[in-house]
Amino acid sequence: MDVYGLLGNPVGHSLSPPMHEAAYDELALEARYVTFEPAPDELEAAIRGAGALGIRGLNVTIPFKRDVLEFVEPDELASRIGAANTIDFSGAEPTGHNTDAAGALRALRDHGVALEGADALVVGAGGAGRAISFGLADAGAAVTIANRTASTARELAAEVPGADGRGLEDLEDAVDDADVLVNATSVGMEEDATPVPSEVLHGELAVLDAVYRPLETRLLRDAAAAGATTVDGAWMLLYQGVEAFELWTDRTAPVDEMNEALRSRL
Ligand code: NAP
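Every value quoted in this text rests on a predicted model; they were computed, and no experiment measured them. (Residues numbered from 1 in each chain as written. Predicted model: local features only at pLDDT ≥ 70, side-chain atom pairs only at ≥ 80, totals over all residues. Heavy atoms only, no water.)

## Looking at the site of the ligand
We count it as follows: Put simply, a residue is near a molecule or strand once any heavy atom of it comes within 4 Å of that molecule or strand. Within 3.5 Å is the distance limit for a polar contact, defined as a pair of N or O atoms, with the added protein rule that one can donate a hydrogen and the other accept it, and that residues adjacent in sequence qualify only through two side-chain atoms. We get accessible surface area from the Shrake-Rupley algorithm with a probe of 1.4 Å; when it comes to residues, only the shown protein chains can shield them. Runs of H or I in DSSP of at least four residues are treated as helices and runs of E of at least two as strands, each being numbered from the N terminus. Residue type decides the class: Asp, Glu, Lys and Arg count as charged, Ala, Val, Leu, Ile, Met, Phe, Trp, Tyr, Cys and Pro as nonpolar, and the leftover types, Gly among them, as polar.
As a matter of local geometry, the ligand sits amid 22 residues, with G127, A128, N147, R148 and T149 nearest to it. The backbone of S186 places a nitrogen or oxygen atom 3.4 Å from an oxygen atom of the ligand. Considered on its own, the ligand offers 930 Å² of accessible surface; in the complex 74% of this is hidden by protein. For the shell around the ligand, the elements supplying multiple residues, two or more each, are α5 (127-138) and α9 (233-249). For the shell around the ligand, the class distribution of residues is 11 nonpolar, eight polar and three charged.

## Let's talk about the UniProt feature "domain: Shikimate dehydrogenase substrate binding N-terminal" (unreviewed entry) in the chain
Convention followed: UniProt positions are given in the numbering used here, feature names are shortened, and annotations may be inferred rather than shown by experiment.
Sequence positions flagged by UniProt for "domain: Shikimate dehydrogenase substrate binding N-terminal" (unreviewed entry) are, in local numbering, residues 6-87. Taken end to end, residues 6-87 is 35% helix and 20% strand, and its two terminal C-alpha atoms sit 10 Å from one another.

## Remarks on the sheet that holds strand β7 (residues 119-123)
Operational definition: For two strands to be treated as a pair, DSSP must find no fewer than two bridges joining them. Comment: axis = line fitted to C-alpha atoms, over the contacting stretch for helices; angle = value between 0 and 180 degrees taken between N-to-C directions. The contact criterion used is simple: two residues touch if any of their non-hydrogen atoms lie within 4.5 Å.
Read from one edge of the open sheet, six strands run β9-β8-β7-β10-β11-β12, paired in parallel fashion. What marks the edges here is a single partner per strand, and that holds for β9 (164-166) and β12 (229-231). Neighbour to neighbour, the strand axes of the sheet diverge by 15 degrees on average, direction disregarded. Bridge count for β7 against strand β10 (residues 180-183) is four bridges, and the pairing is parallel. Looking across to β10, one finds that V123 is bridged to N183. Across the sheet, α5 lies against β7, β8 (142-146) and β10, angled at about 170 degrees from β7, the strand it touches most. Along the sheet, helix α8 (residues 218-225) makes contact with β10, β11 (206-209) and β12, crossing β11 at roughly 165 degrees.

## What to know about the packing of aromatic side chains
Definition in use: Aromatic rings from Phe, Tyr and Trp, taking only the six-membered ring of Trp, are treated as a pair when their centres fall within 6.5 Å; an angle between ring planes under 30 degrees marks them as stacked, one over 60 as edge-to-face, and anything in between as tilted.
Overall, the coordinates contain four aromatic pairs when judged by the stated rule. A network of ring pairs unites the aromatic residues Y4, Y24, F245 and W248 as a single cluster.

## Quick word on the pattern of salt bridges
Note the following rule: The term salt bridge refers to a side-chain nitrogen of Lys or Arg lying within 4 Å of a carboxyl oxygen of Asp or Glu. Working definition: with a 1.4 Å probe on protein chains only, accessible area under 20% of the residue-type maximum means buried, over 50% means exposed, and in between means partly exposed.
Tallied over the entire structure, the rule returns 11 salt bridges. A salt bridge links E21 to R32; the nearest nitrogen and oxygen atoms lie 3.9 Å apart. Here E21 is found in helix α1 (residues 16-27), whereas its partner R32 is found in strand β2 (residues 31-36), with 11 residues between them in sequence. Take R32: its relative accessible area is 43%, and that puts it in the partly exposed class. Connected through salt bridges with shared partners, the residues E76, R80 and D138 form a single ionic network.

## Some thoughts on a negative patch on the surface
The test is simple: What goes into a patch is any residue over 30% in relative accessible area without a salt bridge, connected to like charges within 9 Å or, for nonpolar side chains (Val, Leu, Ile, Met, Phe, Trp, Tyr), within 5 Å. Here the positive residues are Lys and Arg and the negative ones are Asp and Glu; neither His nor the chain ends is included. We put the charge of a Lys on NZ, of an Arg on CZ, of an Asp on CG and of a Glu on CD.
Negative charge collects at one region of the surface, where D119, E169, D170, E172, D173, D176, D177, D179, E199 and E204 lie side by side. Broken down by element, the negative patch gets its largest block of residues, four residues, from helix α7 (residues 172-177).

## So, the UniProt feature "active site" (unreviewed entry) in the chain
Under the UniProt annotation, the feature "active site" (unreviewed entry) is placed at K65. Within the secondary structure, K65 sits in the loop between β3 (57-60) and β4 (73-74). Take K65: its relative accessible area is 26%, and that puts it in the partly exposed class.

## Notes on the sheet that holds β2
Ordered by their spatial adjacency, six strands build an open sheet running β2-β1-β3-β5-β6-β4, and the pairing between neighbours is mixed. With one partner strand each, in any of the chains shown, β2 and β4 form the two edges of the open sheet. Across two bridges, the pairing between β4 and strand β6 (residues 95-97) is parallel. Bridging across to β6, E73 finds its partner in T95. Running over the sheet, α1 touches β1 (2-7), β2 and β3 and is turned about 170 degrees from β2.

Structure below.
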């Protein structure tokens with residue numbers, strides 16, 4: 001029996017267990033996906049213990065995505081992002097990876113959105129904003145990062161090749177120029193609010209909202225009304241899980257079954 005899991009605190013509402021177990025069922029893998037809630041000062045012990053116990057892989061969520069880098073060997077992308085959401089125990093040392101970036105890119109591409117040469121506006125410069133900004137720049141997009149705390153956006157933009165950083169005010173021109181708009185703030189999560197005023201949205205945009213509770217956020221409703229392509233946060237959640245599954249198992253993930261397991265619970 002292979003054991004995989006999630007490290008976070010809290011992890012009670014996580015959709016990762018049913019999503020991964022749907023993949024194990026579909027491929028008839030003898031595996032389980034378990035959630036763990038170590039205390040913050042037990043993170044190192046949890047990772048060492050997981051390795052010692054033969055756990056094959058762990059996802060990592062709030063509040064450990066950054067701190068975990070102290071205890072794993074990050075790959076180049078996780079190192080640049082400064083956070084890992086996936087640990088692989090197949091080598092001599094546990095390695096850290098960031099599949100949030102690839103998850104967002106796959107979600108967009110899956111909806112026919114071209115990224116190379118696109119102008120992308122990422123709203124938010126926290127963990128998700130960092131991962132998505134580096135991912136989009138690597139995919140060949142010109143990235144603008146807009147954040148409530150403008151200094152954080154400017155600091156992040158200084159790390160992301162070719163990016164600009166700014167505050168959230170006067171977004172009209174930035175949205176007008178954009179082909180891709182990503183909400184990487186928590187605005188819209190379990191509330192009917194949006195970080196981008198509806199009147200600046202337009203029909204040439206592809207809009208990805210990282211928020212997945214609710215699935216249809218106010219931003220996505222406004223974007224659909226403006227004629228934009230919309231991509232909800234469950235697609236990003238799905239593909240970060242797909243990427244982790246494929247990294248751990250070297251198998252092609254059964255995306256449809258994982259998607260069904262996820263969406264039936266949202
Ligand atoms: P985080 O590191 O705490 O960052 C939060 C971001 O939201 C910051 O940019 C913050 O701006 C901004 N923000 C918070 N409240 C705001 C407000 N009232 N107005 C404007 N901006 C505000 O969180 P995170 O880990 O990046 O997560 C952000 C969202 O992405 C969450 O909803 C999370 O569930 C979602 N997410 C989804 C996936 C997925 O797979 N779909 C993966 C990761 C995260 P300041 O810097 O000014 O505070």
